[in-house]
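Residue-level structural notes
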Amino acid sequence: MTDELTPETPDEHEQPIKQRKNGLYPAVSDELADNMKSGWADTELRDLRPIEQAPNAARRRAALSARFPGERLVIPAGNLKTRSNDTEYDFRASTEYVYLTGDQTDDSVLVLEPRGDTHEATIYRLPRSDRDNGEFWLNGMGELWVGRRHSLTEAEALLGVPCQDVRELAEALKEAAGPVRVVRGHDAGIEAALTDKVTAERDEELRVHLSEARVVKDEFEIGELQKAVDSTVRGFEDVVKVLDKAEATSERYIEGTFFLRARVEGNDVGYGSICAAGPHATTLHWVRNNGPVRSGDLLLLDAGVETTSLYTADVTRTLPINGRYTDLQRTIYDAVYEAQEAGIAAVKPGAAFRDFHDAAQRVLAEKLVEWGLLEGPVERVLELGLQRRWTLHGTGHMLGLDVHDCAAARTESYVNGTLAPGVVLTVEPGLYFQADDLTVPEEYRGIGVRIEDDILVTEDGNRNLSAGLPRRSDEVEAWMAGLLGK
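Every chain begins its residue count from 1, and numbering advances along the sequence as written. Reporting in this predicted model follows two pLDDT cut-offs: at least 70 for local features of residues, and 80 or more for side-chain atom pairs to be given and counted; totals over whole chains, interfaces and linings ignore these cut-offs and use all residues. Remark: hydrogens and water are excluded; side-chain values derive from all non-hydrogen atoms of the structure.

Concerning the overall build of the protein
- Elements are defined by DSSP. Helices are runs of H or I of four residues or more, strands are runs of E of two residues or more, and each kind is numbered from the N terminus. Along the backbone of the protein there are 17 helices and 17 strands.
- Each principal axis of the C-alpha atoms in the protein carries an extent, and together these give about 80 × 55 × 40 Å.
- A buried classification covers 50% of the 486 residues belonging to the protein.
- Relative to all contacts within the protein whose residues are 6 or more apart in sequence, the contacts with residues 24 or more apart total 67%.
- Each accessible area value is a Shrake-Rupley result obtained with a 1.4 Å probe; residue values ignore everything except the protein chains displayed when judging cover. Of the roughly 22,500 Å² that the protein leaves accessible, carbon and sulfur atoms contribute 49%.
- Counted as positive: Lys and Arg. Counted as negative: Asp and Glu. His and the chain ends are not counted at all. Here the site of a charge means NZ on Lys, CZ on Arg, CG on Asp, or CD on Glu. Charge-centre separation for the protein: the mean point of 55 positive side chains lies 2 Å from the mean point of 86 negative side chains. Think of it in three bands: with a 1.4 Å probe and only protein chains considered, a residue is buried below 20% of the maximum accessible area for its type, exposed above 50%, and partly exposed in between. The contact criterion used throughout is that any non-hydrogen atoms of two residues lie within 4.5 Å.

The structure is reproduced here in structure tokens:
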């Protein structure tokens, strides 16, 4: 990285310039400062069209307004987070802010001001970098360092919401009267400005409501999730084609291969990719991805592309690295497949959310009893949860802007709720036999299998958004052979 310039002390009324202690230029001459102020073309973007999700975001804001009449609602996007010294992590706007605006700009804040029976929305964000005080080229966050940002006028055209300078917001909020709610955990400065005006309980009500509002997806969201899944399918194909290179290196090659697809076709991966080969497949969230990839072992690949609108897929396949399952691997895999089939069949409107989990767990419990790993009857096993030694986790979760979407929803609206058309969830049973588990035969130890698909609840049942990836063991083998030209 290059080293930014350091200016002389700015005028007290100018925006402070962030300086680096050991910059190579100790000061900026008056002549250079004057030179940098002028000679720049007008780059204002005109005739901009609203972003695709603008009308959807407007409907969501209207629904939120109706839920909290007469109250000021503050929803921050969040700030950059330091990775080390003066480098930052890539910014990812808060889910609540994205859901209500479609915008992804750091330091921005959506404010809904009560106006009678409704609200007036304003997005507070940073304007273009100031060229008069040198911010645009002297500040490490200036546009010559990190890239052009939209003017407030441009942002208004794109988002369909009036925009103002966010640097004025904290003081305005300090002076504001009346009831206020804020989504916490994203912007400490905004929270500090509201510290004497909000309560944790009222703010949590806002967060819970916004989580529950996302349970049923609209057509735009469903389309974005399908895009995410389609890119993910291509990412899995990419991985199969380079398994020989992964064998020569490590799981990192798999991680990097999938990441390339995510960055080319989307924004990023939706979560840390799990590229678990051999016994690492028995670790549920194996994201170190630094282990060997060996012929004869299984690869559990759990990964999802996040679209540019930030909706993510979440798909898992357990693949034979050499293209063929062993007899025992196939037996375990087929059991998980059978459990997933039962789970998917239980996904339909009007069903209890828990039904797909219960259906999948019953199949796995039956298999464990059949294999002699548990003593029946199956009802006893399920009542005591004995199968969980090897099934470990719940069979699925909601999916959307977050990989575990709607996580703050009330229990009665989520796991104790009822499925409805537009809900998107994962169905992902698994069996995991740890390498040090002395309660199972030695040949089972170190085998982990999970199969996961993204399922949309429809008016008459469900649709598997990730059906483009084969699931049945023989189909997986044929698919891999076709990709490898075998």
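Description of the pattern of salt bridges
- Just to be clear on terms, a salt bridge is a Lys or Arg side-chain nitrogen sitting within 4 Å of an Asp or Glu carboxyl oxygen. Counted under the stated rule, the structure contains 38 salt bridges.
- Notably, a salt bridge pairs Glu143 with Arg128, separated by 2.9 Å at the nearest N-O pair. Within this pair, whereas Glu143 is found in helix 5 (residues 143–146), its partner Arg128 is found in the loop between strand 5 (118–125) and helix 4 (135–138), the two being separated by 15 residues in sequence.
- A network of salt bridges, in which partner residues are shared, links Glu71, Arg181, Arg202 and Glu205.

Details of the sheet that holds strand 13 (residues 424–427)
- For two strands to count as paired, DSSP must find a minimum of two bridges between them. Read from one edge to the other, the open sheet built from 3 strands follows the order 13-16-17, with strand pairing classed as antiparallel. The open sheet is flanked by strand 13 and strand 17 (461–464), the only strands paired with a single partner. Neighbour-to-neighbour, the strand axes of this sheet turn through a mean angle of 40°, independent of strand direction.
- In the sheet, strand 13 pairs with strand 16 (residues 453–458) via 4 bridges, with the strands oriented antiparallel. Axis definition: a line fit to C-alpha positions, over the contact stretch in the case of helices; interaxial angles, taken between N-to-C directions, run 0 to 180 degrees.

Notes on the packing of aromatic side chains
- Stacked, edge-to-face and tilted labels apply to pairs of Phe, Tyr and Trp rings (six-membered ring for Trp) whose centres lie within 6.5 Å, assigned for plane angles under 30 degrees, over 60, and everything in between, in that order. Under the defined criterion, the tally for this structure stands at 9 aromatic pairs.
- Judged by centre distance (5.2 Å) and plane angle (90°), the rings of Phe353 and Tyr414 are edge-to-face. A residue pair is termed long-range when its members are at least 10 positions apart, and Phe353 in the loop between helix 13 (327–345) and helix 14 (355–370) and Tyr414 in the loop between helix 16 (388–391) and strand 13 qualify at 61 residues. Across the pair, Tyr414 and Phe353 agree in class, each one buried.
- Centroid distance Phe433 to Tyr444: 5.2 Å. Interplanar angle 80°. Geometry classified as edge-to-face.

As for the UniProt feature "domain: Aminopeptidase P N-terminal" (unreviewed entry) in the protein
- Per the UniProt annotation, the sites labelled "domain: Aminopeptidase P N-terminal" (unreviewed entry) are residues 51–191.
- Taken end to end, residues 51–191 comprises 34% helix and 22% strand; its first and last C-alpha atoms sit 29 Å apart. UniProt positions are given in the numbering used here, feature names are shortened, and annotations may be inferred rather than shown by experiment.

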